[in-house]
Amino acid sequence: MLLSRSLLQLCILCGVSMLLAACTVEPLATSSSDSTLSTGLAGQATSEVLSGISVAPVKTRVAQQVRNRLLFAMNGGELKPGGQYEVVLSVSERSQTLAVEGDSLTATAARVIVLVSYDLVDVNTKKVVAAGRRQSVASFDRTPQSFANQRAEREAQDRAAREVAQQLRLAVAQDIASL
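The rules behind these values
- Residues numbered from 1 in each chain as written.
- Predicted model: local features only at pLDDT ≥ 70, side-chain atom pairs only at ≥ 80, totals over all residues.
- Heavy atoms only, no water.
- Helix = DSSP H or I, 4+ residues; strand = E, 2+ residues; numbered from the N terminus.
- Buried < 20%, exposed > 50% of the residue type's maximum accessible area, 1.4 Å probe, protein only.
- Contact = heavy atoms within 4.5 Å.
- Areas by Shrake-Rupley, 256 points an atom, 1.4 Å probe, with all protein chains shown as cover.
- pLDDT = per-residue confidence, 0-100.
- Pairing = 2+ DSSP bridges.
- Patch = residues over 30% accessible without salt bridge, like charges linked within 9 Å, V, L, I, M, F, W, Y side chains within 5 Å.
- Salt bridge = Lys/Arg side-chain N within 4 Å of Asp/Glu carboxyl O.
- Core = buried A, V, L, I, M, F, W, Y, C linked by side-chain atoms within 4.5 Å.
- Axes fitted to C-alpha atoms, helices over the stretch in contact; angles between N-to-C directions.

Colleague: Hey, could you go over the overall build of the protein chain for me, with residue numbers and the actual values?
Modeller: Scanning the protein chain from N- to C-terminus turns up 4 helices and 4 strands. The secondary structure elements of the protein chain, listed N-terminal to C-terminal, are α-α-β-α-β-β-β-α. By the burial criterion, 33% of the 179 residues in the protein chain qualify as buried. In the protein chain, once contacts between residues fewer than 6 apart in sequence are set aside, the share between residues at least 24 apart is 60%. Counting only carbon and sulfur atoms, one obtains 55% of the accessible surface of the protein chain, whose full area is about 11,200 Å².

Colleague: Please provide a residue-by-residue account of the confidence of the model for the protein chain, values included.
Modeller: It should be kept in mind that the predicted coordinates are not to be read in detail where pLDDT is low. The share of residues in the protein chain with pLDDT of 70 or more is 82%, and the mean pLDDT across the chain is 83. Considering each helix and strand of the protein chain separately, the mean pLDDT is smallest for helix α1 (residues 2–22), with a value of 71, and largest for strand β4 (residues 128–141), with 96. Throughout residues 30–40 the model reports pLDDT below 50, and contacts reaching past four residues in sequence, or to other chains, amount to 24 contacts.

Colleague: For the side chain of Asp175, give the residues involved together with the corresponding values.
Modeller: You can see Asp175 is positioned in helix α4 (residues 146–178). Apart from the residues within four sequence positions on either side, Asp175 is in contact with Tyr118, Leu120 and Ala130.

Colleague: Got a sec to walk through the pairing of strand β2 (residues 85–100)? Specific residues and values, please.
Modeller: As paired elements, strand β1 (residues 54–55) and β2 share 2 bridges and run parallel to each other. Directly across from Ser54, in β2, lies its bridge partner Glu86. Taken together, the 15 bridges between β2 and strand β3 (residues 107–122) define a ladder with antiparallel strand orientation. Bridging from a neighbouring strand, Val87 pairs with Leu120 of β3.

Colleague: Give a description of a nonpolar patch on the surface that names residues and reports values.
Modeller: A contiguous nonpolar surface patch, about 310 Å² in accessible area, is contributed by Leu7, Leu10 and Leu13. Here Leu7 lies in helix α1. By relative accessible area, which is 51% here, Leu7 ends up exposed.

Colleague: Describe the nonpolar core, with residues and values.
Modeller: Core analysis: the biggest nonpolar cluster contains 35 residues, and Val66, Val87, Leu89, Val114 and Val172 have the highest contact counts within it. Element by element, the count of residues in this core is highest for α4, at 11 residues. With sequence-adjacent residues up to four places away left out, Val114 is seen in contact with Val62, Val66, Val91, Ser92, Glu93, Arg134, Gln135, Ser136, Gln157, Ala160, Ala161 and Val164.

Colleague: Which residues make up the environment of Gly52, and what values do they have?
Modeller: Along the chain, Gly52 turns up in the loop between α2 (46–51) and β1. Looking at Gly52, the relative accessible area reads 10%, which means it is buried. Among all residues touching Gly52, those that are not within four sequence positions of it are Leu79, Lys80, Gly83, Gln84 and Tyr85.

Colleague: Got a sec to walk through the sheet that holds β3? Specific residues and values, please.
Modeller: Pairing in this open sheet of 4 strands is mixed, and the strands run β1-β2-β3-β4 from one edge to the other. Strand pairing shows two members of the sheet lacking a second neighbour, β1 and β4, which therefore form its edges. Contacting β1, β2 and β3, helix α3 (residues 61–75) runs over the sheet at an angle of about 125 degrees to β2. Running at roughly 150 degrees to β4, α4 makes contact with β2, β3 and β4 of the sheet.

Right under this line is the structure:
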């Protein structure tokens, strides 16, 4: 009984260590030579390729928040000229009431949903090489004060835009790596 229990523990320990040995973790934004993209851009690190990607202009305030956050996430605010790709965004935003006060039927909580569709376009051929959709949700409280509600909704829009921009950065990096 004691021998079989020790043997079982040894087998479990060996199995877990083999599983852990097979795991590799690598940050997307690393600049080491091990983190190169497996595309025609061989030899370039993910961060180098992302820093050359431009983002097409947009028209709405929320879309501009997404665009600005995405540009900063990809290149830290310094776009390298001569990039091979451009991201074209289509951003929609809506608010929904989540909770209503029973007596006065006044909304007490709401949420903002920011939905972004994107196309990754090859600048040279003008062809869409990848596309996708991402969304983010941010909740906020409503009060009887109109201005406070407007500010809370705007801050929720900004939070959702920041989150969806991070999702877009990862999605674009994955798209480029799979080309």
